[in-house]
Amino acid sequence: MSKMDLKQQNKLLKYGKIIITDWRLYVLLLPMVLWYALWIYKPMGGLLIAFKNFQPNMGILDSDFVGFSNFISLINGPYAQQFWQAFRNTFIISLYGLLFGFPIPIILALFFSEITNNTYRKIAQTFTFLPHFLSEVTITGLVLTLLYHGEVNTGIIAQFLHTIGFIPEGTNIIQNAQYFRPMYIITGIWKEAGYSSIVYFAAVMSISPVLYEALKVDGGNKFQEIRYVTFPGMAPTLVIMIILRIGRMLSVGYERIILLYNANTYETADVLSSFVYRIGLEGGNQSIGGAADMFNALIGFALVVGANYISRQISETSLW
Amino acid sequence: MERLNRSEIIFKLLSYVLIGVFAIMALYPVIYAFSASISGKIAYESGKVILLPKNVNFQVYNKIYNDKGFWISYINTLFYTTYGTAWSMFISITGAYALSKKRLIFRRRFNFWVVFTMWFNAGMIPMYLNYVNMGVANRWGIVFAFGVQAYNIILLRNYFEGVPKEIEEAARIDGANEFQMLRRIYIPMSRAALATVTLFYATSRWNGYFWSRMLLTDSMEKPLQVYMRMLVENYQKMFDDMPIDLPYASDAFIYAILVCSIIPVLIVYPYIQKYFAKGVNLGGVKG
């Protein structure tokens, strides 16, 4: 037996001993490890499907290996038009989401921190957090009924938008591609803005009151206060939240998209994950779907790593 | 009371007003749905219902009460929520406890593999094929295959790490082993975090839709969300089949079903709300 093997054997023996003397701790760890292995890490092997011509009766491993041909049909083949449309929509929707959705919780948190009447604040928070806890089916159900603008029934919000001259008479917002993105973004803000403000609210509350007093003694007004005390105090939270947000750029929530879109609105609504769902699960073309999935995952991952790197360079705040 | 200067007064006033407006906007669709569900047909269809109900009658709820599909799916959802949340909590508590111990070998590596899943997963197709392959298409499959979220494990782990070491040492001297320590010390001391995480898991189970729809084939096993969506999708057809002389509008049925799905959330949530503002803040994301 070589020296290397002996060393390794000793190491294993040492670990074995630790585990035996402290076996209860490892028993407690086991369910989680098994769960992750079976339901999260095992399917990652299934990404192999992107390089296969998947036949359901043969399984992923036994299906024929086809190299990059699935990726080629995505990028430059029969699926290219739909794929690039979904790709573009994903970026546009996330960008709008970032532009309009990101600042609103921060502004809400600033306002919340001004409210000194505890009862008022708690009631307002209870109301604004609530939509976060409603299901996507409930929310999209509400959206569809409130916006439905058919011949007999008119959704109340569609009616309101018509009254203020925002949409022409008889417009069916749900069937009209030009309204999809605003509808999606506004629904998202309505659902999550209140709840996301908790994190920023906590950040504002943890800023030392001494700093505010000092600025006041120097004669600063409210806007200087926000500019020179509040924002610098929130900076680490802001950076972390923006990295998280950028990392999820490509994973636009497929559930709400799938529940809200329809054939008339694919043009502006179809994103990568809904494309995967439609082509891969509904259409039964799993290999193409798998290739798009992989594409999605890799870019998403690169985005997090990139955002984290940049933030570490410029602000010394990072996720890892 | 400290004295405020002018810009501060304006800002404070603005805050009260805007937060009030936002709170009303957040609640409006829910109130409207309830009002629309109990309003009379003519009042609703002529657009007179704007916030409060008109010509109130509760007959649509009578229809739901007699709707078998609704009750089957409602009971199924209760099943998924109860057992699913229990299962998720079991894995999360035991896992987070083990991860919170510095002496755990490969601790950093385990932590990394948990956090990693927050940004990378296999994707819809491989996940789907794995579920099918493992035979998830039934009640217990849905309970066991879903429910652990990295974020919640990290949140609990951080909370457990904050329990004072002195208490643990004292218990150890008294001869407590790992299982007893978790049950007698860590769990009772982490009530706020546990309540928060329970709420997160329970709402995600209660709201679960996509995978139930994709995987479950037996209509006796489908949860409320799947049933509700089916109704929304068949809206037009339902509308055409509806007798004309009903006291409520056809939309009222959809609204009433939506209200029924929200009520349990409305009942539980105010009790736990006081914990989660605290609980969420403890869940820093550092790996």
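Residues numbered from 1 in each chain as written. Chains lettered and ligands numbered in written order. Predicted model: local features only at pLDDT ≥ 70, side-chain atom pairs only at ≥ 80, totals over all residues. Heavy atoms only, no water.

Within an unreviewed UniProt entry, the label attached to chain B reads Carbohydrate ABC transporter permease, and the organism entered is Vallitalea pronyensis. According to the UniProt record, the Subcellular location (unreviewed entry) comment for chain B reads "Cell membrane". Looking at the Sequence similarities (unreviewed entry) heading of the UniProt record, one finds this comment for chain B: "Belongs to the binding-protein-dependent transport system permease family." (UniProt positions renumbered as here; feature names shortened; annotations may be inferred.)

Once that is clear, we can look at the overall build of chain A. Helix and strand counts for chain A come out as 16 helices and two strands. Taken over C-alpha atoms, the radius of gyration comes to 26 Å for chain A, far larger than the 20 Å a tight globule of 320 residues would show. Principal axes of the C-alpha set define a box for chain A whose edges measure 80 × 60 × 35 Å. When burial is assessed residue by residue, chain A has 52% of its 320 residues classed as buried. Relative to all contacts within chain A whose residues are 6 or more apart in sequence, the contacts with residues 24 or more apart total 64%. Looking at chain A, you have 21 positive and 18 negative side-chain charges, and the mean spots of the two groups are 12 Å apart. (Helix = DSSP H or I, 4+ residues; strand = E, 2+ residues; numbered from the N terminus. Rg over C-alpha atoms; globule rule 2.2 N^0.38 Å. Buried < 20%, exposed > 50% of the residue type's maximum accessible area, 1.4 Å probe, protein only. Contact = heavy atoms within 4.5 Å. Lys, Arg positive; Asp, Glu negative; His and termini not counted. Charge placed at Lys NZ, Arg CZ, Asp CG, Glu CD.)

All names here are of chain B. One way to put it is that helix α4 (residues 68–99) packs onto helix α8 (residues 150–161) with a least axis distance of 8 Å and a crossing angle of 50°. Judged by the angle between their axes, α4 and α8 are oblique. When you trace α4 past α8, the crossing you get is right-handed. Here α4 contributes Ser92, Ile93, Ala96, Tyr97 and Leu99 to the contact with α8, which in turn contributes Ile153, Leu156, Arg157, Phe160 and Glu161. (Axes fitted to C-alpha atoms, helices over the stretch in contact; angles between N-to-C directions. Parallel < 35°, antiparallel > 145°, perpendicular 65-115°, else oblique. Left-handed = near helix turned anticlockwise from the far one by under 90°.)

Space inside the second largest pocket adds up to approximately 1100 Å³. Lining the second largest pocket are 29 residues, with Leu147(A), Ile157(A), Phe160(A), Leu161(A) and Ile186(A) sitting closest to its centre. For the lining of the second largest pocket, the elements supplying multiple residues, two or more each, are α8 (136–147), α9 (156–163) and α10 (177–205) of chain A together with α1 (6–38) of chain B. In terms of residue count, the dominant contributor to the lining of the second largest pocket is α10(A) (seven residues). Residues of the lining of the second largest pocket, tallied by class, amount to 26 nonpolar, three polar and no charged. (1 Å grid on protein atoms, 1.4 Å probe; cavity = no way out; pocket = protein on both sides within 12 Å on 5 of 7 lines; lining within 4 Å. Points joined across faces, edges and corners; volume = space filled by probe spheres on them. Nonpolar A, V, L, I, M, F, W, Y, C, P; charged D, E, K, R; others polar.)

Residues and elements named next belong to chain B. Looking at where Ser73 falls in the secondary structure, it is placed in helix α4. Judged by its relative accessible area of 2%, Ser73 falls in the buried class. Excluding its chain neighbours within four sequence positions, the residues that come into contact with Ser73 are Lys222, Pro223, Leu224 and Tyr227.

Within the structure shown, the criterion is met by 15 salt bridges over all chains. We note a salt bridge from Lys222(A) to Glu225(A), for which the minimum N-O separation is 2.9 Å. Of the two residues, Lys222(A) and Glu225(A) both sit in helix α12 (residues 222–247), three residues apart, roughly one turn of that helix. Under the relative-accessibility criterion, Lys222(A) is labelled buried at 4%. As a salt-bridge pair, Arg229(B) and Glu233(B) come within 3.0 Å of each other at their nearest N and O atoms. Of this pair, Arg229(B) and Glu233(B) are both found in helix α13 (residues 224–233), four residues apart, which corresponds to roughly one turn of the helix. One salt-bridge network, in which partners are shared between bridges, spans Asp22(A), Lys101(B), Arg103(B), Glu168(B), Arg172(B) and Glu178(B). (Salt bridge = Lys/Arg side-chain N within 4 Å of Asp/Glu carboxyl O.)

Quick look at empty space enclosed by the protein now. If you walk through the whole model with that rule in mind, you get one cavity of 30 Å³ or more. Empty space within the largest cavity amounts to approximately 30 Å³. Lining the largest cavity we find Phe133(A), Leu134(A), Ser135(A), Thr138(A), Trp206(B), Asn207(B), Gln225(B), Ser261(B), Ile262(B) and Val265(B). Secondary structure elements with two or more residues in the lining of the largest cavity: α11 (191–207) and α15 (250–282) of chain B. The dominant element in the lining of the largest cavity, judged by the number of residues it contributes, is α15(B), at three residues.

Right, let's talk about a positive patch on the surface for a bit. Together, Lys7(A), Lys11(A), Lys14(A) and Arg109(B) give the surface a local cluster of positive charge. Looking at which element gives the most residues to the positive patch, the answer is helix α1 (residues 3–21) of chain A, with three residues. One can find Lys7(A) in helix α1. (Patch = residues over 30% accessible without salt bridge, like charges linked within 9 Å, V, L, I, M, F, W, Y side chains within 5 Å. Areas by Shrake-Rupley, 256 points an atom, 1.4 Å probe, with all protein chains shown as cover.)

Once that is clear, we can look at the nonpolar core. Counting residues in each nonpolar core, the largest one holds 190 residues, and the members touching the most others are Tyr36(A), Phe180(A), Tyr131(B), Phe210(B), Trp211(B), Leu215(B) and Tyr255(B). Per-element accounting of this core gives the leading share, 14 residues, to α10(A). For Tyr255(B), the contacting residues outside a window of four places in its chain are Leu142(A), Thr145(A), Leu146(A), Tyr32(B), Ala33(B), Ala36(B), Ser37(B) and Tyr44(B). (Core = buried A, V, L, I, M, F, W, Y, C linked by side-chain atoms within 4.5 Å.)

At the interface, 107 residues of chain B touch 96 residues of chain A. Of the roughly 9100 Å² buried between chain B and chain A on both sides combined, carbon and sulfur atoms contribute 74%. Taken together, the connections running from chain B to chain A amount to two salt bridges. In this structure, Lys12(B) and Glu114(A) form a salt bridge, with 3.8 Å as the shortest nitrogen-oxygen distance. The greatest single-element share of the side of chain B that touches chain A, amounting to 20 residues, is contributed by α1(B). When the residues that make up the side of chain B that touches chain A are grouped by side-chain class, the tally is 73 nonpolar, 24 polar and ten charged. (Buried area = accessible area lost by both parts, 1.4 Å probe.)

Turning our eyes to something else, we now look at the side chain of Thr128(A). Relative to the helices and strands, Thr128(A) resides in helix α7 (residues 118–129). Classification of Thr128(A) by relative accessible area gives buried; the value is 1%.

Here the focus is helix α6 (residues 124–133) of chain B. Residues and elements named next belong to chain B. Most of α6 is tucked away: eight of the ten residues are buried. Of the residues making up α6, those classed as buried are Met124, Ile125, Pro126, Met127, Tyr128, Leu129, Asn130 and Tyr131. In the segment just after α6, Gly135 is the residue with positive phi, at about 70°.

Keep in mind that low pLDDT regions are not for reading the predicted coordinates in detail. Averaged over chain A, the pLDDT score is 86; the fraction of residues at 70 or greater is 95%. When the elements of chain A are averaged for pLDDT, helix α3 (residues 59–62) of chain A gives the smallest value, 80, and helix α2 (residues 23–45) of chain A the largest, 94. (pLDDT = per-residue confidence, 0-100.)

Residues and elements named next belong to chain B. Mapped onto the present numbering, the UniProt feature "transmembrane region" (unreviewed entry) falls at residues 9–31, 78–98, 110–129, 141–160, 181–202 and 252–272. The straight-line gap between the two end C-alpha atoms of residues 78–98 is 30 Å; of that span, 100% is helix and 0% is strand. Note that residues 181–202 is 95% helix and 0% strand, and that its end C-alpha atoms are spaced 26 Å apart.

This part takes up the environment of Val17(B). All names here are of chain B. Structurally, Val17 is set in helix α1. The exposure class assigned to Val17 is exposed, which follows from its relative accessible area of 52%. It is 39 Å that separates the C-alpha atoms of Val17 and Ile64, two residues lying 47 residues apart in sequence.

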